[in-house]
Amino acid sequence: MQILADTMRLLLAITIAVIAGKLISKLKLPAILGWLIAGMVMGPHALGLLEDSLLDAPWFNTVESLLECTVGLMIGTELIWSQMKRAGKQILVTTITESLGTFLVVSLVFGIIFWVTDVPIYLAFLFGGIALATAPAPSLSVVNEFKTSGPVTKTLIPMAALDDLVGALVFFLVVAFVSAHLSTAGVPVPVVLFLVFLPVLIGIVTGFITGKLLRHTKNRNSTLAVMLVMLLVSAGIGFLINGMLSTPVLNFMLIGMSFSTVFANMVTREQLDGMMKVMNPVISFSLVVAILNLAAPLDYHLIFGAGIYTAVYIIARAIGKYSGAYFGAAVTHAPDTVKKYLGFTLLPHSGVSLVFTGIAVSILDGPAPECASIIQGTIAAAAVINEVIAVYMAKKGFEWAGELRKAEGAQADGHRQEGEQTA
C-alpha cells in the first residue's frame with residue numbers, strides 16, 4: 001500500500017515538474033530550471049511531496065538507477081568511432097585540462113584562505129577534488145530540449161562520460177591521501193578505483209553481445225526488443241554487484257553509456273536511428289526523474305545562510321572549468337566556439353558533488369568534525385545556488401556558440417537530400 005501511495009506521489013511530482021518546465025520554457029529558459037525548482041519545492045525541505053522515505057526507498061533507487069542507465073543511451077549513441085577519431089585527442093586533452101584545472105584553481109584558492117585562517121590545508125584538496133566533478137544530466141537536458149548541434153555539443157557529449165571517470169579518479173586519490181594523513185580506517189582505494197571503472201567494463205561486455213545479436217535481427221521491432229532486453233541485463237548486472245557491496249557505488253549512467261557506445265558502433269545507421277526514435281521520449285522522461293532526484297534533497301534555506309566560502313567555491317570552480325576548457329581547446333586547435341563557450345556547459349555540478357561530499361564528510365566526521373561541517377555546509381549551499389545559475393549559463397553557452405535548434409535543421413536537410421536522391 002505504501003509503495004502505491006509513493007508511486008502516486010512520484011507521478012504527481014513528475015507531472016508538476018513537466019508543467020513547471022513548460023512554463024519556464026515560455027520565458028525562453030531551459031525547462032530543466034523548472035524541473036529543478038519544482039524538485040526543491042516538492043522535496044523534504046519544503047512541501048514534502050517527495051519525502052525522504054520515498055527518495056530512500058529501495059524500489060525508487062532501483063527505478064532511478066534504471067532510468068540513469070537509459071539516459072546513458074543519449075551519450076553512448078553519439079559516440080560513433082568513425083566520427084570521433086578525428087576529435088579523440090582534442091576531447092581527451094580538454095577533459096584532462098578542465099578537470100585538473102578546476103582541481104588546481106579551487107585547491108589553490110582554498111589553500112591560501114585556510115593557511116591564513118589556520119584551517120587544515122588538506123581540506124583545500126578535498127574542496128578541489130569535489131569541485132572537478134561535472135553533473136552531465138543538466139547540460140544533456142539542454143542539448144535534448146533545444147536540439148543543439150555543432151562543435152560545442154559534439155565535444156561536450158563524450159566529455160560528459162570521460163569527466164566522471166577523471167573526477168572519480170582524482171577525488172578518490174585525494175581521499176586516500178587525506179585518510180592516510182588523518183590515520184583513520186582509510187579507504188581501500190584500489191578497490192574503489194576498480195569500482196569506478198567497473199560500470200564501463202560491464203557496458204562494454206553487454207554492448208558487444210548486443211551488437212552481435214542486432215546484426216541478426218530482421219525488423220525494427222526485434223531490433224528494439226533485443227536492445228531493451230540487453231539494457232535490462234546490463235542494469236541487472238549492476239544491481240547484482242551493488243547488492244554485494246556495503247555501499248552501492250556503481251554509476252549506472254556509465255553502464256548505459258558504454259553499453260550503447262559499443263553496440264552503436266556495430267549496427268547500421270538505420271537500425272540506430274530506428275531505436276533512438278522510439279527511445280528519445282523515454283530518455284526525456286528519464287531526464288525529468290533524474291533531475292527531480294537531484295533537486296529534491298537540496299535545501300533552498302541554505303541560500304540564505306550561504307557564506308563567503310560558498311561564494312568563493314562557486315567562483316573558483318567556474319574559473320577553473322572555463323580556463324581549463326579554454327586552454328585544452330586552444331592547445332588542440334579546437335574551433336573558436338569550443339574555446340570560448342565549452343566552459344559554460346561544464347558548470348552544472350550538484351549531483352556528483354553531493355555524493356563526493358557525503359564520502360568526504362564520512363572520512364572527516366570522527367577525526368575532524370569541524371572540517372566536516374565546513375565542507376558539508378559550503379557544498380550543500382553551493383549545490384543549490386550553482387545549479388540554478390549553471391543551467392542558465394549552459395543554455396547561454398550553446399546560444400552564444402550558435403548551436404540552438406541546429407540538430408533540427410541538420411535533420412531537415414538530411415530528409416530533403418534523401419527525398420532528392422529518391423526523386
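Residues numbered from 1 in each chain as written. Predicted model: local features only at pLDDT ≥ 70, side-chain atom pairs only at ≥ 80, totals over all residues. Heavy atoms only, no water.

A. Main features of the overall build of the protein chain. Helix and strand counts for the protein chain come out as 19 helices and zero strands. Per-residue burial for the protein chain yields a buried fraction of 53% across its 423 residues. Considering only contacts within the protein chain whose residues lie at least 6 apart along the sequence, 81% involve residues at least 24 apart. About 18900 Å² of surface is accessible on the protein chain, with carbon and sulfur atoms providing 68% of the total. (Helix = DSSP H or I, 4+ residues; strand = E, 2+ residues; numbered from the N terminus. Buried < 20%, exposed > 50% of the residue type's maximum accessible area, 1.4 Å probe, protein only. Contact = heavy atoms within 4.5 Å. Areas by Shrake-Rupley, 256 points an atom, 1.4 Å probe, with all protein chains shown as cover.)

B. Here's a closer look at the confidence of the model for the protein chain. Averaged over every residue, the pLDDT of the protein chain is 81; the share at 70 or more is 85%. Residue range residues 418–423 is modelled with pLDDT below 50. Its contacts to residues more than four positions away, or to other chains, number zero contacts. (pLDDT = per-residue confidence, 0-100.)

C. Region of the structure containing the environment of N144. Considering the arrangement of structural elements, one finds N144 in helix α8 (residues 136–146). Look at N144 and you get buried, because its relative accessible area is 17%. Each C-alpha atom of the pair N144 and N280 lies 8.9 Å from the other, and the pair is 136 residues apart in sequence. Every residue in contact with N144, bar those within four places of it in the chain, is listed here: M74, S284 and L287.

D. Structural detail: the nonpolar core. Membership of the largest hydrophobic core comes to 88 residues, with the highest contact counts inside it found for W35, L50, L73, M227, F263, L292 and L342. Of the residues forming this core, the biggest block, twelve residues, is contributed by helix α13 (residues 269–295). When residues no more than four places from it in sequence are discounted, the contact partners of M227 are L73, T210, L214, F259, F263, M275 and M279. Core analysis: the next-biggest nonpolar cluster, separate from the first, contains 38 residues, L126, V170, V312 and A360 among them. (Core = buried A, V, L, I, M, F, W, Y, C linked by side-chain atoms within 4.5 Å.)

E. Representation of the side chain of T217. Locating T217 in the fold gives a position in the loop between α10 (189–214) and α11 (220–244). Assessed through its relative accessible area of 17%, T217 is described here as buried. Within the structure, T217 has its side chain in polar contact with the backbone oxygen of L214 (distance 2.9 Å). A distance of 3.2 Å separates the side chain of T217 from the side chain of Q271, its partner in a polar contact. In this view, T217 contacts S222, T223, V226 and Q271; residues no more than four positions away in its chain are not counted. (Polar contact = N/O pair within 3.5 Å; in protein donor to acceptor, adjacent residues only side chain to side chain.)

F. Looking closely at the packing of aromatic side chains. Using the criterion set out here, one finds 15 aromatic pairs in the structure. With a centroid separation of 5.4 Å and an interplanar angle of 40°, the aromatic rings of F110 and F114 are classed as tilted. In this pair, F110 and F114 are both assigned in helix α6 (residues 88–117), four residues apart and thus about one turn of the helix distant. Overall, the relative accessible area of 0% leaves F110 in the buried class. According to the relative accessible area criterion, F114 is buried, its value standing at 0%. Between the aromatic rings of F110 and Y313, the centroid separation amounts to 6.4 Å while the plane-to-plane angle is 50°, which identifies the pairing as tilted. Here Y313 lies in helix α15 (residues 308–331) and F110 lies in helix α6, a separation of 203 residues in the sequence. Residue class for Y313 comes out buried when judged on its relative accessible area of 1%. Grouped by ring-pair contacts, the aromatic residues F110, F114, F127, Y309 and Y313 constitute a single cluster. (Phe/Tyr/Trp six-rings, centres within 6.5 Å; stacked < 30°, edge-to-face > 60°.)

G. Up close: α11. An ideal rise of 1.5 Å per residue puts 36 Å on 25 residues; α11 measures up with 37 Å between its terminal C-alpha atoms. Among the residues making up α11, those that are buried are T223, L224, M227, M230, L231, S234, A235, G238, I241 and N242. Measuring from the side-chain oxygen of the N-cap residue of α11 to the backbone nitrogen of N221 gives 3.2 Å; that N-cap residue is N219. (Expected span 1.5 Å × (residues − 1).)

H. A nonpolar patch on the surface, seen in detail. Where nonpolar side chains cluster on the molecular surface, the patch consists of L108, I112, W115, V116, I121, F125 and F177 and spans about 770 Å² of accessible area. By residue number, the principal contributor to the nonpolar patch is α6, which donates four residues. Structurally, W115 is set in helix α6. (Patch = residues over 30% accessible without salt bridge, like charges linked within 9 Å, V, L, I, M, F, W, Y side chains within 5 Å. Salt bridge = Lys/Arg side-chain N within 4 Å of Asp/Glu carboxyl O.)

I. A look at unusual backbone geometry. Positive phi, normally seen in glycine, also occurs at K147, with a value near 50°. Position of K147 relative to the elements: it lies in the loop between α8 and α9 (151–182). Of note in this structure, H333 is not a glycine but carries a positive phi near 55°. Note that H333 resides in the loop between α15 and α16 (336–345). Here H333 falls in the exposed class, since its relative accessible area comes to 73%.

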